[in-house]
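Listed here are the chains, written in short residue letters.
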Amino acid sequence: MNGVATLQAGAPVDQYLLIKQATKGVTTVGKPFMTLILQDKSGSIEAKLWDTGEEQEKLYQAGGIVRVGGEIHDYRGKLQLRIKAIRPVKADENISVTDLVQSAEIPKEELFNQLMEFFFEIQNPTISRITRYLIMENQQSLMTYPAATKNHHDYASGLLDHVVSMLKLGKAIADLYPVLNRDLLYAGIILHDIGKVIELSGPISTSYTVEGNMLGHISIMVTEIAIAAKELNVDGEEVMLLQHMVLSHHGKEEWGSPKKPMLQEAEILHYIDNIDAKMNTLKRALGKTKPGEFTERLFPLDNRSFYKPTIE
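Looking at an unreviewed UniProt entry, one finds the protein chain named 3'-5' exonuclease, with Rummeliibacillus stabekisii as its source organism.

This is the structure in structure tokens:
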């Protein structure tokens with residue numbers, strides 16, 4: 001059976017899927033329904049359950065495994081799973097959550113080793129000590145957490161995958177523009193999203209924690225940098241610069257950035273973050289699109305569809 005995220009419109013579905021997210025809604029005429037995000041190792045897809053009540057809400061919660069029968073269809077340029085039959089997994093059915101969780105293509109141990117190779121290039125002792133402290137403090141979560149609940153790197157070890165990819169981009173740009181402070185750029189890349197291990201619940205059925213909703217990963221990480229500096233008994237401009245790298249990496253206030261970049265390294269960090277997030281989204285969408293056809297509409301890319309050329 002092909003992965004659910006690789007199927008085209010019209011394809012039948014009859015397989016086990018993990019409920020990644022389950023949210024309640026009400027139609028314009030007042031009837032309750034549920035939106036389910038269902039996933040297997042290939043990725044995820046949205047589905048609707050109509051005329052739902054308390055029984056369905058209890059049966060189909062995030063983290064549960066279900067057997068689903070139905071068909072893929074195109075709804076306003078986006079693929080959805082039209083459910084014809086659904087039931088919770090039975091106790092005697094040999095299927096587990098780990099069989100259905102998507103993860104990074106490169107093993108997390110290898111990704112972590114690659115991250116540390118970049119870390120060891122950092123020369124500034126203050127930047128190095130703070131960065132090392134925060135890597136070690138969050139190592140296990142950093143190796144397993146996704147980078148988001150949806151859209152980009154939203155899979156197990158996605159956060160680490162995102163950071164390592166960004167470090168490789170950062171190296172290429174720093175090689176081209178030696179005026180950039182490599183220590184600050186590498187440390188900013190490593191630290192910018194580590195707050196997500198507190199903002200998000202984990203790699204399975206990922207949701208926002210209370211701290212995530214109330215504070216967000218940017219504010220969380222700025223505080224964590226201050227705590228690390230205090231624990232290590234270090235001060236100096238480096239602490240403020242690292243905090244600014246984190247504070248400004250979303251680029252604009254309307255994109256959730258408390259400050260706009262005011263360091264050249266912060267400006268580059270923002271672009272690198274944006275490039276890697278968008279390329280991850282495009283890679284996955286184009287990977288399930290036939291040559292000569294368009295992807296589904298991609299919300300993070302202004303709801304545009306992208307053409308997959310027939311040329312090699």
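Within the chain, serine 157 stands out as a residue other than glycine whose phi angle is a positive 65°. In this structure, serine 157 sits in the loop between helix H4 (139-144) and helix H5 (158-176). Given the relative accessible area of 7%, serine 157 is considered buried. You will see that aspartate 302, though not glycine, has its phi angle at about 55°, which is positive.

We now examine the packing of helix H3 (residues 125-137) against helix H10 (residues 237-247). Running from N to C, H3 and H10 point in directions that differ by 55°, and their axes come no closer than 9 Å. With respect to each other, H3 and H10 are oriented oblique. In this structure, H3 meets H10 at a crossing whose hand is right-handed. Contacts between H3 and H10 involve Thr126, Ile127 and Ile130 from the first element and Glu238, Val239 and Leu242 from the second. Taken together, the residues of the contact of H3 with H10 sort by class into four nonpolar, one polar and one charged.

A word on the packing of helix H9 (residues 216-232) against H10. One way to put it is that H9 packs onto H10 with a least axis distance of 9 Å and a crossing angle of 165°. Of the possible angle classes, the one that applies to H9 and H10 is roughly antiparallel. In this structure, H9 crosses over H10, and the sense of that crossing is right-handed. The residues of H10 that touch H9, namely those facing Ile218, Met221, Val222, Ile225, Ala226 and Ala229, are Val239, Leu242, Gln243, Val246 and Leu247. Residues that form the contact of H9 with H10 fall into these classes: 10 nonpolar, one polar and no charged.

A separate point is the domain arrangement of the protein chain. The domain architecture assigned to the protein chain consists of domain 1 (11-99) and domain 2 (108-284). When each unit is reduced to the centre of its C-alpha atoms, the spacing between domain 1 and domain 2 is 33 Å. On the domain 2 side, the residues contacting the seven residues of domain 1 number five residues. Between domain 1 and domain 2, a total of about 500 Å² is buried, with carbon and sulfur atoms accounting for 45% of that surface.

Per the counting criterion, the structure on display carries four aromatic pairs. An angle of 85° between the planes, with centres 5.4 Å apart, marks the rings of phenylalanine 118 and tyrosine 186 as edge-to-face. Here phenylalanine 118 is found in helix H2 (residues 108-119), whereas its partner tyrosine 186 is found in helix H6 (residues 182-191), with 68 residues between them in sequence. A residue is classified by how much of its surface remains accessible, and phenylalanine 118, at 9% relative accessible area, is buried. The exposure class of tyrosine 186 is buried, given its relative accessible area of 1%. For the cation-ring pair, arginine 67 lies above tyrosine 16, with the distance from its terminal atom to the ring centre recorded as 4.6 Å.

For the rest of this paragraph, the subject is the sheet that holds strand E4 (residues 65-75). Strand pairing within a sheet occurs via backbone hydrogen bonds; the two strands may be parallel or antiparallel. Ordered by their spatial adjacency, five strands build a closed barrel running E1-E2-E3-E5-E4, and the pairing between neighbours is mixed. Strand-to-strand twist in this sheet, taken as the mean axis angle between neighbours without regard to direction, amounts to 50°. The sheet contact formed by E4 and strand E5 (residues 78-88) spans 10 bridges and is antiparallel. Looking at E5, one finds that aspartate 74 is bridged to leucine 79.

Another point: H9. Between the first and last C-alpha of H9 there are 25 Å, a value that for 17 residues agrees with the 24 Å anticipated at 1.5 Å per step. For H9, every residue scored as buried is listed here: Gly216, His217, Ile218, Ile220, Met221, Val222, Ile225, Ala228, Ala229 and Leu232. Residues of H9 that are buried in the fold lie against H3, H6, helix H7 (196-199), helix H8 (210-214) and H10. Backbone geometry just after H9 places asparagine 233 at a positive phi near 60°.

Our next topic: the layout of surface pockets. Counted as a void, the largest pocket has a volume near 1,300 Å³. As for the largest pocket, its lining consists of 50 residues, and the residues nearest its centre are Ser44, Asn151, Asp154, Arg284 and Lys288. The set of elements that each furnish at least two residues to the lining of the largest pocket consists of strand E1 (12-26), strand E2 (32-40), strand E3 (43-50), E5, H2, H5 and helix H11 (264-287). Counted by class, the lining of the largest pocket contains 18 nonpolar, 18 polar and 14 charged residues. Inspection of the lining of the largest pocket shows a minimum of three residues originating in each of domain 1 (11-99) and domain 2 (108-284). For the second largest pocket, the calculated volume is near 740 Å³. Forming the walls of the second largest pocket are 27 residues, and the residues nearest its centre are His152, His250, Asn274, Ala277 and Pro300. Broken down by secondary-structure element, the contributors of at least two residues to the lining of the second largest pocket are H7 and H11. For the lining of the second largest pocket, the element with the most residues is H11, which contributes six residues. Residues of the lining of the second largest pocket, tallied by class, amount to nine nonpolar, 10 polar and eight charged.

Criteria and cut-off values
Residues numbered from 1 in each chain as written. Predicted model: local features only at pLDDT ≥ 70, side-chain atom pairs only at ≥ 80, totals over all residues. Heavy atoms only, no water. Helix = DSSP H or I, 4+ residues; strand = E, 2+ residues; numbered from the N terminus. Buried < 20%, exposed > 50% of the residue type's maximum accessible area, 1.4 Å probe, protein only. Axes fitted to C-alpha atoms, helices over the stretch in contact; angles between N-to-C directions. Parallel < 35°, antiparallel > 145°, perpendicular 65-115°, else oblique. Left-handed = near helix turned anticlockwise from the far one by under 90°. Contact = heavy atoms within 4.5 Å. Nonpolar A, V, L, I, M, F, W, Y, C, P; charged D, E, K, R; others polar. Domains from an automatic or database assignment. Buried area = accessible area lost by both parts, 1.4 Å probe. Phe/Tyr/Trp six-rings, centres within 6.5 Å; stacked < 30°, edge-to-face > 60°. Lys NZ or Arg CZ within 6 Å of the ring centre and 35° of its normal. Pairing = 2+ DSSP bridges. Expected span 1.5 Å × (residues − 1). 1 Å grid on protein atoms, 1.4 Å probe; cavity = no way out; pocket = protein on both sides within 12 Å on 5 of 7 lines; lining within 4 Å. Points joined across faces, edges and corners; volume = space filled by probe spheres on them.

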